[in-house]
Amino acid sequence: MSIVVQKDNLSDGAIIELLKSHLEQMYLHSPPESVHALKPEKLIDPIITFWSARVNGVLAGCGALKEISPVLGEIKSMKTSQGFLRKGIAKAVLKAILDEAQKRNYREVKLETGSSKHFAPAIALYQQYGFEPCRPFANYSEDPHSLFFTKKL
């Protein structure tokens, strides 16, 4: 299986549809005030860069990097399509995002994810790539349904 990861301008609508389903799932596993996934209308923003992962032209997953400051980025919208789970899609997207963060000379990349068992695979992936727990950052606050991670670059 060949995974092609590239920057995506969201023009074909596939990522937006994938992230709509992501939002629906977030609301199943977290209370509304603890859902921090980007809503579709917030996706088009010059401080957010999206990547798509495709296998034979089919959207397999996505992820985004949001610039918080010239030295700090936030990983957002990491999602793998249901039919491609546990096939290396998230790893490929995360690697592309981290490569870009280094090219931008970020000193650090942070992220927020859920704390329930539903998020265990994502947490394991982030820890595998050297992310460590941290305090809330940017506009986040302490929340029992959220975990925060950071990686120094």
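You'll find the structure just up there.
So, here is what we can say about the structure in this document. Per chain, residue numbering runs from 1 following the sequence as it is written. Where totals are concerned, whole chains, interfaces and linings use all residues; where local detail is concerned, this predicted model gives features only for residues with pLDDT of at least 70, and gives and counts side-chain atom pairs only at 80 or more. The side-chain values count all of the structure's non-hydrogen atoms but skip hydrogen atoms and water molecules.

1. Quick word on the overall build of the protein
Then, in step 1: Tallying secondary structure elements over the protein gives 3 helices and 7 strands in all.
Then, in step 2: Moving toward the C terminus, one meets the helices and strands of the protein in the order β-α-β-β-β-α-β-α-β-β.
Then, in step 3: Computation of the radius of gyration draws on C-alpha atoms alone. For the globule rule, the value is 2.2 Å times the number of residues to the power 0.38. Rg of the C-alpha trace for the protein: 14 Å, near the compact-globule value of 15 Å for 153 residues, within the 12% margin.
Then, in step 4: Projecting the C-alpha coordinates of the protein onto the three principal axes gives extents of approximately 40 × 35 × 30 Å. Note on conventions: DSSP H or I runs of at least 4 residues are helices, E runs of at least 2 residues are strands, and numbering of each starts at the N terminus.

2. A look at the pattern of salt bridges
Then, in step 1: By salt bridge we mean one thing: a side-chain nitrogen of Lys or Arg within 4 Å of a carboxyl oxygen of Asp or Glu. Counted by the stated rule, this structure contains 10 salt bridges.
Then, in step 2: As a salt-bridge pair, Glu74 and Lys76 come within 3.8 Å of each other at their nearest N and O atoms.
Then, in step 3: Burial here depends on accessible area, computed with a 1.4 Å probe over protein chains only, as a share of the maximum for the residue type. Under 20% is buried, over 50% is exposed, and the range in between is partly exposed. Lys76 gets classed as buried once you look at its relative accessible area, which sits at 8%.
Then, in step 4: Note that Asp99 is salt-bridged to Lys95, the shortest N-O span being 3.0 Å. Taken together, the residues Asp99 and Lys95, both in helix H2 (residues 89-103) and 4 residues apart, mark about one turn of the helix.
Then, in step 5: With a relative accessible area of 32%, Asp99 lands in the partly exposed category.
Then, in step 6: Within this structure, Lys7, Glu100 and Arg104 form a network of salt bridges that share partners.

3. Considerations on the environment of Ser69
Then, in step 1: For Ser69, the position within the fold is in strand E3 (residues 58-69).
Then, in step 2: C-alpha of Ser69 to C-alpha of Lys7: the two residues are 62 residues apart in sequence and 20 Å apart in space.

4. Side note on the sheet that holds strand E4 (residues 72-80)
Then, in step 1: The 7 strands lie next to each other as E1-E2-E3-E4-E5-E7-E6, forming an open sheet whose pairing is mixed. Unpaired on one side and paired on the other, strand E1 (3-8) and strand E6 (132-133) mark the two borders of the sheet.
Then, in step 2: Here, two residues are considered to be in contact whenever any of their heavy atoms come within 4.5 Å of each other. Angular values range over 0 to 180 degrees, each being the angle between N-to-C directions of two axes fitted as lines to C-alpha atoms, with helices fitted over their stretch in contact. Against the sheet, helix H3 (residues 120-128) touches E4, strand E5 (108-114) and strand E7 (146-152), its axis set at about 165 degrees to E5. Strands were regarded as paired on the criterion that DSSP finds at least two bridges between them.

5. Considerations on the side chain of Glu112
Then, in step 1: By secondary structure assignment, the location of Glu112 is in strand E5.
Then, in step 2: Buried Glu112, no salt bridge; nearest opposite-charge side chain is Lys76, N-O distance 5.7 Å.
Then, in step 3: Aside from chain neighbours lying at most four places away, what touches Glu112 is Ser34, His36, Phe137, Tyr140, Ser146, Leu147 and Phe148. Two residue types count as positive, namely Lys and Arg, and two as negative, namely Asp and Glu; His and chain ends fall outside the count.

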